[in-house]
Structure formats: structure tokens, C-alpha cells
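# Descriptive analysis of the structure
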Amino acid sequence: MSNTAKSNSPAVEEEEEDDEGDVFLGESDVIHEFDVDGEDENDDSVHTFTGHKGELYALACSPTDPTLVATGGGDDKGFLFKIGNGDWAAELPGHKDSVSSLAFSYDGQLLASGGLDGVVQIFDASSGALKCVLDGPGGGIEWVKWHPRGHIVLAGSEDCSMWMWNADKEAYLNMFAGHNQSVTCGDFTPDGKLICTGSDDASLIVWNPKTCESIHVVKGNGSKDGSVHIVNIVTGKVVSSLTSHTESVECVKFSPSSATIPMAATGGMDKKLIIWDLQHSTPRFICDHAEGVTCVTWVGTSKYLATGCADGTVSVWDSLLGNCVHTFHGHQDAVQAISVSANTEFVVSVSVDNTARVYETSEFLNKTA
């Protein structure tokens, strides 16, 4: 079975051996050690999804169903599966190249998948049925995002453009041109009135989604050089620069709006998670990892955040104390993305090792809250 829910106590299978006399092996006889069926005594996951036949790149947890997870990868496929239900999975076919990005709509009804084939597909999230195919971009899709209060979907492309469609009407709305290299990140602002995009050309552009006009172009932004800049999108001015990373910055997340102290978290290939005090533009804590930090997310509206690491681990941190609350083991290779279930009881991660793994957070988060 490719989709397994596991108890905390691993099952031990015993085989009867042929009664042909005992054979004893010494350490010198061991050529290679490996895990049977991929099971590992250091696997902390409560659910493992192994339906993919290649590396996993994309991950999304439903904002409304705490058990529903979407994954995508290098086998050109996406899947929906449910945490704790190893008997159900829905394949999301149709892409002709790697599935690079996934996103649920704000109401959890729709799922968008973006592929390196330049196509965005829209699925019914509850059944996995394909609703429509949105095309136009001349290069691979780097990311997909939804409007915070509607079924309007955005996608950034390797061909330097960004596209916007109405998913309900299967209609093209606008194409945004202004970057001169791949549009590597972007999103609506929380009120849905503006769009911000970042590119390999080291610029940030603030857009009017209705007119396609670029309101501000902020040059000199980057992450490959280890720099982080805070920009006021109303004025288009850089208000502060956060300089502590020494290698490429791979991920950035602001703290929840409900946080008592405005913070940001950044992770880099310098093996550091840095939790920033945005009021003073200074690091509150520098949290060391064994390898590069590939992804970071806040755990709901709590004080905790989770990181994915190139060594395959997932760690949970207390942003107010700077300490590691727990480190989960299970993946055999680098973690590519992490997400948190709608009820914050699970952290889900996908990896180069072809698997998605689910870790239970509720036990220790409740104890330390």
C-alpha cells in the first residue's frame, strides 16, 4: 500500500527459518545495512505517503479540512491524501512535467496545481476531479496563489510574466509583464487589493491587479546573496535591511498578525533560522541547524514555528524563547516543503526521498503552550 497510517509502536514481523542448522554471522560478514520496506526506528511520523515515484517539490494543507493534504513532484503527478486514512488517495493527473506548486483556495473548495509544463490545473478539492486547465505562460510555473476572498488564481512563470485567471469562469483576466527574469515568488496582499512579486532579476514589484500597472519597482532585493529587506509597499521604500545570513536565504515568513511582537523568520543555507525583531530590525534568536534550512512556517497563530532542513529533519521552535521544542526524524533526504494542518495538530513535510510524512504536534505543543 502506498499510503500508510502508522501507530506509534512499530510492528515487528517474525519469520520462521528453515531448520537446517544455525548459521552465525559476524560483523565482517555485513556488506550493507538497510531499512526493510523503508521503515526506520528513528521514524517519528504518524503517517507516510509513498505514492510518488520521484522527488516531491510541492505541498499544501487544506485550510478547512484538517486531514486533507496535496502533494506534487518530479513524477509529473499530484496527489490528495487524508491524514490517518491510508485507504484513500486521489491522483491528480494531467501535467506533462514536474508539479512545482500547489495551493488551496481560501475556502478549501478548489486546489490549484502549477507545473513546469507552463500549465495551471484547477481541481475540486473534495474529490480530486479536474475542473479546468488554465494556460498561457510560455515557461514553467514557479508558484500559484489564490485571492484571500475569491476564486481568483495567480501564477508566476519562468518566462518573466505573471498571469491571473478566474477559476470559476475558467477565464483569463490579466498578464503582468515587468520582470526580466523568472518570477520566483509572489502573492496578493492580505486585503487582496495589491500583488507583490519577486524575481531572479533581484527586484520586487508592487502591482495593481485590475490595471496591471506596476505601482512600485524596488531594485536590489535578493536572497541568493544572504540579504533580507523589509519594504513598505505603500511608499515603495526599503525601511530596513536584515543582515546576518552569510549564504542564500531560502525562506521568509512574517509572524501572525495576532503576535504581540512583530517578528519575521528567515532560513538559509548557512544552516541558520533567524527570528527577527522587526521593531528594531535585529535578530532575536539565531537557531542553528545541522544543514541548510530549506523552508519555514508558523504553526497557526501560535508562538511556534517549524523548519525543514536539508538533513531530512523537521524542527519546531519557540519564537519567544528561541529554543528547539522538538525535532522530528523520518525523511532520508532533504525536506523541500512543510505545511501545517488547519487544526495545527500536524506538521506535514515532503522530501527528495519521494515521500510525504506527517508528524503530530499536539502532544508537546499543548504541554509547552
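Residues numbered from 1 in each chain as written. Predicted model: local features only at pLDDT ≥ 70, side-chain atom pairs only at ≥ 80, totals over all residues. Heavy atoms only, no water.

So, on to the UniProt feature "repeat: WD" (unreviewed entry) in the chain. The feature "repeat: WD" (unreviewed entry), as given by UniProt, occupies residues 92-128, 134-175, 176-217, 242-279, 286-327 and 328-360 in the numbering adopted here. End-to-end, the C-alpha atoms of residues 242-279 are 12 Å apart, and along that stretch the chain is 0% helix and 50% strand. Overall, residues 328-360 shows 0% helix and 55% strand. The separation of its end C-alpha atoms is 9 Å. (UniProt positions renumbered as here; feature names shortened; annotations may be inferred. Helix = DSSP H or I, 4+ residues; strand = E, 2+ residues; numbered from the N terminus.)

A full pass over the atoms with the stated rule returns six aromatic pairs. Seen from their ring centres, F176 and W207 are 5.5 Å apart, and the 75 degrees between their planes marks the pair as edge-to-face. Taken together, the residues span a long stretch of sequence, with F176 in strand 14 (residues 171-177) and W207 in strand 17 (residues 203-207) at a distance of 31 residues. The pair formed by F176 and W207 is uniform in burial state, with each residue classed as buried. (Phe/Tyr/Trp six-rings, centres within 6.5 Å; stacked < 30°, edge-to-face > 60°. Buried < 20%, exposed > 50% of the residue type's maximum accessible area, 1.4 Å probe, protein only.)

Right, let's talk about the sheet that holds strand 3 (residues 56-61) for a bit. Pairing between sheet strands relies on hydrogen bonds along the backbone, with the strands arranged either parallel or antiparallel. What the four strands build is an open sheet, ordered 3-4-5-6; its pairing is antiparallel. At either end of the open sheet lies a strand with only one pairing partner, and these are strand 3 and strand 6 (85-92). When strand polarity is set aside, the average angle formed by the axes of neighbouring strands in this sheet is 20 degrees. Summarising the sheet, strand 5 (residues 78-82) and strand 6 pair through five bridges and their orientation is antiparallel. Bridging from a neighbouring strand, L80 pairs with A90 of strand 6. (Pairing = 2+ DSSP bridges. Axes fitted to C-alpha atoms, helices over the stretch in contact; angles between N-to-C directions.)

Its location among the elements puts S240 in strand 20 (residues 237-242). A distance of 3.3 Å separates polar atoms of two side chains, one belonging to S240 and the other to S281. (Polar contact = N/O pair within 3.5 Å; in protein donor to acceptor, adjacent residues only side chain to side chain.)

Further remarks concern the pairing of strand 23 (residues 272-277). Within strand 23, five of the six residues are buried, leaving the element largely enclosed by the surrounding structure. In terms of strand pairing, strand 22 (residues 263-268) meets strand 23 through five bridges, oriented antiparallel. Paired with A264 across the strands is W276, a residue of strand 23. Once strand 22 ends, the chain turns through three residues before running back antiparallel as strand 23, passing K271 with a positive phi of about 70 degrees. Linkage of strand 23 to strand 24 (residues 282-288), two consecutive antiparallel strands, is achieved through a turn of four residues, within which S281 is found at a positive phi near 55 degrees.

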